[in-house]
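Observations on the three-dimensional arrangement
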Amino acid sequence: MAALDESTVPIVDIAPFAAPSLYDDAARATAARAWDAAMTEVGFAVIVGHGVPAKVVEDLRAGAGDFFSRDAAEKLAYRHGPYGNPLGGYTAMGTEAVSRTRDAHGSDAGGAGGFEAALPDLVESFVFKPDEATRPKPPALEAAGRAYHAALLGVLDTLHAVTAAALGLPAGFFDPFYEPEADVSLRLAYYPPVPAAARNSSAVRYGEHTDYTGFTILLQDDADVGDLGAGGLQVLRKSGAWTAVRPVRGAFVVNIGDLYEIWTNGRWRSTVHRVMKPPPDSPAADAPRLSIPFFTGPHGDAVIEAMPTCVDDDHPAKYAPVKALDHLLSKLAASNT
């Protein structure tokens, strides 16, 4: 298989699985091969043909803009604990340092180390839990968050169908790991304008890391330029080079987390990525940035080990089995400052 272009992240049309009645088996086979190539070579893909209405996306963006424009005291009223707590809610800037989660997983096997003292990230966030009824939700996010959350669960089902086809698995392979309820988290990540005191320090806005569990389905900020010198989302390629992710309107960016690296016995890559600051004197440094990841993973009791189609006599299992919740909690504990 030829290596993919390192200047871009591959675009995969998942419509043959999102709307199966409109496509034939040949179209699905083509989409599955493209998906396997993207996850094997990059661990990231831009997906189109997912079927989520544009209004669902724009309503959530508008609600997030309203919430993060509020003063600090109003936002802190929705703080329910440290980032990753089961109630969701607001996390202020300066309380998360995601690079501290680096370990032996990932496309560079943990890199050179030294991430334990990483600076806190320049981001604040709100984690929306639609079924959490003991805490109030910001009015601007209530309806929009529920609609978006439901739509993204549909995208997750489609990704599981694509993945089963790509890896030669039965169509229902993932059902026992995600039923009766998947472990998902809708996070609104808001990067305020870069503070003056931080403009000439570290160039990183959100540190180098791998994601923790299953697929991350990301709504990227449309204002990202997609150029290495302009800040924004970047992914680490096999060669050691970084690729800036250029937004595609109406698309999502999808990547896999550590559990998929274990599941596929290293065939698919849990890829290191980061968010860089824009140049100090650029208009982007004075502008906010909104990124909306939908983190997905198996239920907490699921035990993840190499899939049967990813091991044989020549490819023995590389990783010990791990309980999904144990892996997630270890990552969250490392990220909170």
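Residues numbered from 1 in each chain as written. Predicted model: local features only at pLDDT ≥ 70, side-chain atom pairs only at ≥ 80, totals over all residues. Heavy atoms only, no water.

1. Some details on the nonpolar core
- By size, the foremost hydrophobic cluster in this structure holds 62 residues, and its most contacted members are Trp35 and Tyr148.
- If sequence neighbours within four positions are ignored, Tyr148 has contacts with Val56, Val57, Leu60, Leu186, Leu219, Phe252 and Ile292.
- Of all hydrophobic cores here, the second largest spans 10 residues; its members include Val42, Phe44, Val235 and Ala251. (Core = buried A, V, L, I, M, F, W, Y, C linked by side-chain atoms within 4.5 Å. Buried < 20%, exposed > 50% of the residue type's maximum accessible area, 1.4 Å probe, protein only. Contact = heavy atoms within 4.5 Å.)

2. Overview of the packing of aromatic side chains
- As enumerated under the stated definition, the model contains 19 aromatic pairs in all.
- The structure contains a cluster of three or more aromatic residues connected by ring pairs, namely Trp35, Phe173, Phe174, Phe177, Tyr178, Phe215, Tyr260, Trp263 and Trp268.
- The ring centre of Phe128 lies 5.8 Å from the NZ or CZ of Lys137, which sits over that ring. (Phe/Tyr/Trp six-rings, centres within 6.5 Å; stacked < 30°, edge-to-face > 60°. Lys NZ or Arg CZ within 6 Å of the ring centre and 35° of its normal.)

3. Some thoughts on the sheet that holds strand S2 (residues 44-48)
- Across the sheet, 8 strands lie side by side as S1-S2-S10-S7-S12-S5-S4-S3; this open sheet has mixed pairing. Pairing within the sheet leaves two strands with one partner each, and these edge strands are strand S1 (11-13) and strand S3 (89-91). Recorded for the sheet is a direction-independent mean angle of 25° between the axes of neighbouring strands.
- Sheet topology places S1 next to S2; 3 bridges connect them, and they run parallel. By the bridge assignment, Val12 is partnered in S2 with Ile47.
- Of the strands in this sheet, S1, S2, strand S7 (215-219) and strand S10 (252-256) touch helix H2 (residues 25-41), which is tilted by about 150° from S2. (Pairing = 2+ DSSP bridges. Helix = DSSP H or I, 4+ residues; strand = E, 2+ residues; numbered from the N terminus. Axes fitted to C-alpha atoms, helices over the stretch in contact; angles between N-to-C directions.)

4. Thoughts on the packing of H2 against helix H5 (residues 139-166)
- Two numbers describe how H2 lies on H5: the axes approach to 8 Å, and their chain directions differ by 85°. As far as their axial angle goes, H5 and H2 are roughly perpendicular. Only Leu159, Val162, Thr163, Ala165 and Ala166 of H5 make contact with H2, whose side of the interface consists of Ala31, Ala32, Trp35 and Asp36.
- Its residues assigned to classes, the contact of H2 with H5 comprises 7 nonpolar, 1 polar and 1 charged. (Parallel < 35°, antiparallel > 145°, perpendicular 65-115°, else oblique. Nonpolar A, V, L, I, M, F, W, Y, C, P; charged D, E, K, R; others polar.)

5. Quick word on the sheet that holds strand S6 (residues 204-209)
- The 4 strands lie next to each other as S6-S11-S8-S9, forming an open sheet whose pairing is antiparallel. Where the open sheet ends on each side, the last strands, each with one partner, are S6 and strand S9 (242-244). Pairwise comparison of adjacent strand axes, ignoring direction, gives a mean angle of 25° for this sheet.
- Two elements, strand S8 (residues 232-236) and S9, share 3 bridges in a ladder whose sense is antiparallel. Bridge pairing in S9 places Val235 opposite Thr243.

6. A closer look at the side chain of Asp211
- Secondary-structure assignment places Asp211 in the loop between S6 and S7.
- Reaching out from Asp211, the side chain makes a polar contact with the side chain of Asn255 at a distance of 2.9 Å.
- Not counting residues up to four positions away in its chain, the partners in contact with Asp211 are Thr216, Asn255, Gly257, Asp258, Ser270, His273 and Phe295. (Polar contact = N/O pair within 3.5 Å; in protein donor to acceptor, adjacent residues only side chain to side chain.)

7. What about the environment of Gly214?
- Position of Gly214 relative to the elements: it lies in the loop between S6 and S7.
- A C-alpha to C-alpha distance of 9.2 Å links Gly214 and Glu261, two positions 47 residues apart in sequence.
- Setting aside its immediate chain neighbours within four residues, Gly214 contacts Tyr178, Asn255, Ile256, Gly257, Tyr260, Thr296 and Gly297.

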